[in-house]
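Spelled out, the chains give:
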Amino acid sequence: MSDRTVRVDTTSQVAPYEQIRAQLAALIRTGRLTEGERLPTVRQLAADLGLAPGTVARAYRELEAVELIRTRRGAGTRVAAPPSGPQTHDAPELGTLARDFTSAARALGADTEDILTAVRDALGSEPASASATDSGAGGHRTTEASVKVTGVSRRREAQA
């Protein structure tokens, strides 16, 4: 899996638009998507993820609202310049990521101590690995799309 992959778990309690928003925000904030890089069109990303265009459009609107991306007619949607000044973490985004991780770990059969150990291990092995595995346990249906400078690859994975 690419380190620039957006995944949507349709069985998650987290809304698909929020999953997209959080993942793209993380890719931008960690520098894996850099200023000026073009994101896929709303329709392209929606098609690649098997979602309604309105779902992706909402994620993009929220990213524009916090000035992480900008959309210009004829130029498409691109990663915006990083904000100047000190950066703080996005507490709601961090909570979403924690819930997603915890939910996926529990689906694998991990208990609280296993989850805490995995987080401690990840924190101790900086930089954090960009790859993840998804066993498909627990009946999760996950789709993913690799975000590229010019768009999204046509690779889609559905796991049951």
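Above this text sits the structure in question.
Just so it is clear, the structure is predicted and the values come from calculations on it, not from any experiment. (Residues numbered from 1 in each chain as written. Predicted model: local features only at pLDDT ≥ 70, side-chain atom pairs only at ≥ 80, totals over all residues. Heavy atoms only, no water.)

*Asks:* Could you give me a rundown of helix α4 (residues 91-107), with the residues and numbers involved?
*Replies:* Turn by turn, an α-helix covers 3.6 residues, leaving residues three or four places apart pointing in a common direction. In a regular helix each residue adds 1.5 Å, so 17 residues correspond to 24 Å; α4 covers 24 Å between its end C-alpha atoms and thus fits that length. At its buried positions, α4 is contacted by α1 (16-29) and α5 (112-124). Where α4 terminates, the next one or two residues include Gly109, which has phi positive at roughly 100 degrees. (Helix = DSSP H or I, 4+ residues; strand = E, 2+ residues; numbered from the N terminus. Expected span 1.5 Å × (residues − 1). Contact = heavy atoms within 4.5 Å.)

*Asks:* I'd love a proper account of the nonpolar core, names of residues and values included.
*Replies:* Counting 21 residues, the largest nonpolar core has Ile20, Leu24, Leu33, Leu49 and Tyr60 as its most contacted members. Going through the elements one at a time, β1 (5-9), α1, α2 (42-49) and α3 (53-65) are the ones with two or more residues in this core. The greatest single-element share of this core, amounting to 6 residues, is contributed by α1. (Core = buried A, V, L, I, M, F, W, Y, C linked by side-chain atoms within 4.5 Å. Buried < 20%, exposed > 50% of the residue type's maximum accessible area, 1.4 Å probe, protein only.)

*Asks:* Describe the packing of aromatic side chains, naming the residues involved and giving the relevant values.
*Replies:* Throughout the structure, instances matching the rule amount to 0 aromatic pairs. One cation-aromatic arrangement involves Arg58 over Tyr17; the distance from NZ or CZ to the ring centre is 3.7 Å. (Phe/Tyr/Trp six-rings, centres within 6.5 Å; stacked < 30°, edge-to-face > 60°. Lys NZ or Arg CZ within 6 Å of the ring centre and 35° of its normal.)

*Asks:* Give me the lowdown on the environment of Thr55, citing residues and values where you can.
*Replies:* Its place among the elements puts Thr55 in helix α3. Residues in contact with Thr55, not counting those within four places in the same chain, are Pro16, Tyr17 and Ile20.

*Asks:* Before we move on, could you go through the packing of α4 against α5 and cite the residues and values that matter?
*Replies:* Contact pair α4 / α5: the axes reach a minimum separation of 10 Å and the direction vectors enclose 125 degrees. The angle between α4 and α5 places the two elements in the oblique class. In this structure, α4 crosses over α5, and the sense of that crossing is right-handed. Contacts between α4 and α5 involve Phe101, Thr102, Ala105 and Arg106 on the former and, on the latter, Thr112, Ile115, Ala118 and Val119. Among the residues making up the contact of α4 with α5, the classes are represented as 5 nonpolar, 2 polar and 1 charged. (Axes fitted to C-alpha atoms, helices over the stretch in contact; angles between N-to-C directions. Parallel < 35°, antiparallel > 145°, perpendicular 65-115°, else oblique. Left-handed = near helix turned anticlockwise from the far one by under 90°. Nonpolar A, V, L, I, M, F, W, Y, C, P; charged D, E, K, R; others polar.)

*Asks:* Before we move on, could you go through unusual backbone geometry and cite the residues and values that matter?
*Replies:* The phi dihedral of Glu67 falls on the positive side, at around 60 degrees, and the residue is not glycine. Checked against the element boundaries, Glu67 lands in the loop between α3 and β2 (69-72).

None of the figures reported here should be taken as evidence of function without further support.
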